[in-house]
Amino acid sequence: MQEKTKINGNKGRCVSLSEEMKLALKKKACQVRMGVIESTHGAKAGHPGGSLSAADLFAYLYNRELRIDPKNPKDPKRDRFVLSKGHTAPGLYAALAYRGFFPVEDLPTLRHIDSYLQGHPNMNTVPGVDMSTGSLGQGISAAAGMAEGEVWEAMLFAAHYKLDNFCMIIDLNGLQIDGRTCDVMNTAPVDEKAKAFGFQTISIDGHDFDQIEKAFEAFHACTGKPTCILMHTTKGKGVSFMENQVGWHGKAPNDDEYKQAMEELNAAMAELEAAK
């Protein structure tokens, strides 16, 4: 849940998204993707696919949208982000590390014995994590104030009590652990379902920062109802052999795959660095 404030970290967000800002966000997203590869390779386990599809969102949230302070992660006035799909912790951890909550060098300790960076977010050990998650579907209830019930009940709660500081973001990458969502358990039409529950509903390209910006502007402008942002994304985004491949839902890259992935991401970063 977020307070209705135009923000950029701890600074007031009073300017529109410039080309310079957009380039900086693309670089941050590339760093997040590098962190995902570094951590899952170091763990020899983990979930890179869904972490990569949400990397642009993580970059936007932690570098533009959320009012947070890495030096004071428990600030009572901070915005809260609850990662309901807790298995994509590698993406969240990378965003937090590159934002300054803890050392980037710790990312490869993911899932190691005695590491504070375990396979799912732990609010008691990881600076910047506001809710321990991992049991799928519970994040929305937690964000809505621990309403009785789970996803649908929490949506009813949020709409009934007009929680206009509640923004639900759904990563629609089309794949889950067993295959395509349309084959395993078809959830479409998600937009019509959210509208029926009383949410302001916005569908966007989850890799387009202009569309992400406009969606959050609409969230801040909306009163009297919660917001649902539907991000249409590509699972494994940014690493060619992982893109739209269901096998990368929960598998770590081996040494050769790690090398190829980092070469691709370093090339992407170099291209962004060269852009003016």
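About the cut-offs
Note that residues are indexed from 1 along each chain, following the sequence as it is written. Local features are withheld for residues below a pLDDT of 70 in this predicted model, meaning they are given only at 70 or higher, and side-chain atom pairs are given and counted only at 80 or more; totals for whole chains, interfaces and linings count all residues. To get the side-chain values, take all heavy atoms of the structure and skip hydrogens and water. Secondary structure counts use DSSP, requiring at least four H or I residues in a row for a helix and at least two E residues in a row for a strand, with both numbered from the N terminus. Radius of gyration: C-alpha atoms only; globule rule: 2.2 Å multiplied by the number of residues to the exponent 0.38. Each residue is assigned to one of three classes by its accessible area relative to the maximum for its type, calculated with a 1.4 Å probe on protein chains only: buried under 20%, partly exposed between the two thresholds, exposed over 50%. Only heavy atoms matter for contacts: two residues are in contact if any of them lie within 4.5 Å across the pair. Areas reported as accessible are Shrake-Rupley estimates using a 1.4 Å probe. Residue values count occlusion only from the protein chains shown. Charge counting follows a simple rule: Lys and Arg are positive, Asp and Glu are negative, and His as well as the terminal groups are ignored. Where a charge lies is defined by one atom per residue type, namely NZ (Lys), CZ (Arg), CG (Asp) and CD (Glu). Each Phe, Tyr or Trp ring (for Trp, its six-membered ring) is paired with any other whose centre lies within 6.5 Å, and the angle between the two planes then decides the class: stacked below 30 degrees, edge-to-face above 60, tilted in between. Strand pairing is assigned whenever DSSP identifies at least 2 bridges connecting the two strands. Think of it like this: strands point away, you trace from the first strand over the helix to the second, and a clockwise trace means the crossover is right-handed. Angles shown run from 0 to 180 degrees and are taken between the N-to-C directions of axes, each axis being a line fitted to C-alpha atoms and, for helices, limited to the stretch in contact. Pairs of N or O atoms within 3.5 Å make up the polar contacts considered here, provided that, within protein, one atom can donate a hydrogen while the other can accept it, and that residues adjacent in sequence are counted only when both atoms are side-chain atoms. What makes a salt bridge here is a side-chain nitrogen of Lys or Arg within 4 Å of a carboxyl oxygen of Asp or Glu, nothing more. Buried Ala, Val, Leu, Ile, Met, Phe, Trp, Tyr and Cys residues that are joined via side-chain atoms within 4.5 Å together make up what is termed a nonpolar core. As a per-residue measure, pLDDT tells how confident the predictor is, with possible values from 0 to 100. In a helix, the anticipated span is given by 1.5 Å times the number of residues less one. Throughout, the arc means that of the directions going from the helix axis to the C-beta atoms.

## Considering the overall build of the protein chain
(1) Moving on: Within the protein chain, the secondary structure is distributed over ten helices and seven strands.
(2) Moving on: For the protein chain, whose C-alpha radius of gyration is 18 Å, the value lies close to the compact-globule estimate of 19 Å for 276 residues.
(3) Moving on: Principal-axis analysis of the C-alpha atoms places the extent of the protein chain at approximately 50 × 45 × 35 Å.
(4) Moving on: Out of the 276 residues in the protein chain, the part that is buried amounts to 47%.
(5) Moving on: Across the protein chain, every contact between residues at least 6 apart in sequence was considered, and the portion connecting residues at least 24 apart equals 72%.
(6) Moving on: When the accessible surface of the protein chain is totalled, it reaches about 12800 Å², and 52% of it is carbon and sulfur.
(7) Moving on: Taking the average place of the 31 positive charges on the side chains of the protein chain and the average place of its 35 negative ones, the gap between the two points comes to 5 Å.

## Re the side chain of Arg-33
(1) Moving on: With respect to the helices, strands and loops of the structure, Arg-33 is situated in helix H1 (residues 19-43).
(2) Moving on: Dropping the residues within four chain positions of it, Arg-33 is found in contact with Leu-52, Ala-55, Asp-56, His-207, Lys-237, Gly-238 and Leu-265.

## So, the packing of aromatic side chains
(1) Moving on: This model, assessed by the stated rule, comprises eight aromatic pairs.
(2) Moving on: Taken together, a centroid distance of 6.1 Å and an interplanar angle of 90 degrees make the contact between Tyr-62 and Phe-81 edge-to-face. Of this pair, Tyr-62 sits in helix H3 (residues 55-65) while Phe-81 sits in the loop between H3 and helix H4 (89-99), and the two are 19 residues apart along the sequence. Each member of the pair Tyr-62 and Phe-81 is classed as buried.

## Observations concerning the pairing of strand S6 (residues 200-205)
(1) Moving on: With six bridges joining them, S6 and strand S7 (residues 227-232) adopt parallel strand pairing. Opposite Ser-203, over in S7, you have Leu-230 as the bridge partner.
(2) Moving on: The parallel pair S6 and S7, bridged by helix H9 (residues 209-221), forms a crossover whose chirality is right-handed.

## Things to note about the sheet that holds strand S3 (residues 167-172)
(1) Moving on: Read across the open sheet, the three strands follow the order S3-S7-S6; overall the sheet is parallel. The open sheet is flanked by S3 and S6, the only strands paired with a single partner. Each adjacent strand pair in this sheet contributes to an overall mean axis angle of 20 degrees, direction not counted.
(2) Moving on: Of the strand pairs in this sheet, S3 and S7 are connected by six bridges, and their pairing is parallel. The partner of Ile-170 across the bridge, within S7, is Leu-230.

## Some words on the side chain of Arg-78
(1) Moving on: As for its position among the elements, Arg-78 is in the loop between H3 and H4.
(2) Moving on: For Arg-78, a relative accessible area of 13% corresponds to the buried category.
(3) Moving on: Here Pro-73 takes part through its backbone oxygen, which lies 3.2 Å from a polar atom of the side chain of Arg-78.
(4) Moving on: Side-chain polar atoms of Arg-78 contact the backbone oxygen of Lys-74, separated by 3.2 Å.

## Concerning the pattern of salt bridges
(1) Moving on: All chains considered together, the criterion is met by ten salt bridges.
(2) Moving on: Between Lys-22 and Asp-210 there is a salt bridge, and its shortest N-O distance comes to 2.6 Å. A residue pair is termed long-range when its members are at least 10 positions apart, and Lys-22 in helix H1 and Asp-210 in helix H9 qualify at 188 residues.

## Comments concerning the nonpolar core
(1) Moving on: Membership of the largest hydrophobic core comes to 55 residues, with the highest contact counts inside it found for Tyr-62, Phe-102 and Phe-216.
(2) Moving on: Elements that contribute at least two residues to this core include exactly H1, H3, H4, S6, H9, S7 and helix H10 (255-274).

## Brief notes about the confidence of the model for the protein chain
Predicted coordinates in regions of low pLDDT should not be interpreted in detail.
(1) Moving on: Averaged over every residue, the pLDDT of the protein chain is 91; residues scoring 70 or more account for 93%.
(2) Moving on: For residues 1-7, every residue scores under 50 in pLDDT, and the model assigns this stretch 39 contacts once sequence neighbours within four places are set aside.

## Details of H10
One turn of the α-helix equals 3.6 residues, which is why residues spaced by three or four share an orientation.
(1) Moving on: Taking 1.5 Å of rise per residue, 20 residues should cover 28 Å, and H10 covers 28 Å from first to last C-alpha, within 8% of that figure.
(2) Moving on: Turning to H10, its buried residues number three or more, namely Ala-261, Met-262, Leu-265, Met-269 and Leu-272. Burial along H10 is one-sided: seen end-on, the buried residues are contained in an arc of 95 degrees. Away from its buried face, by an angle of more than 90 degrees, H10 presents the exposed residues Asp-256, Lys-259, Glu-271 and Ala-274.
(3) Moving on: Looking at the buried residues of H10, the elements they touch are H1.
(4) Moving on: Regarding H10, its N-cap is Asn-254, as a side-chain oxygen of that residue lies 3.1 Å from the backbone nitrogen of Asp-256 further along.

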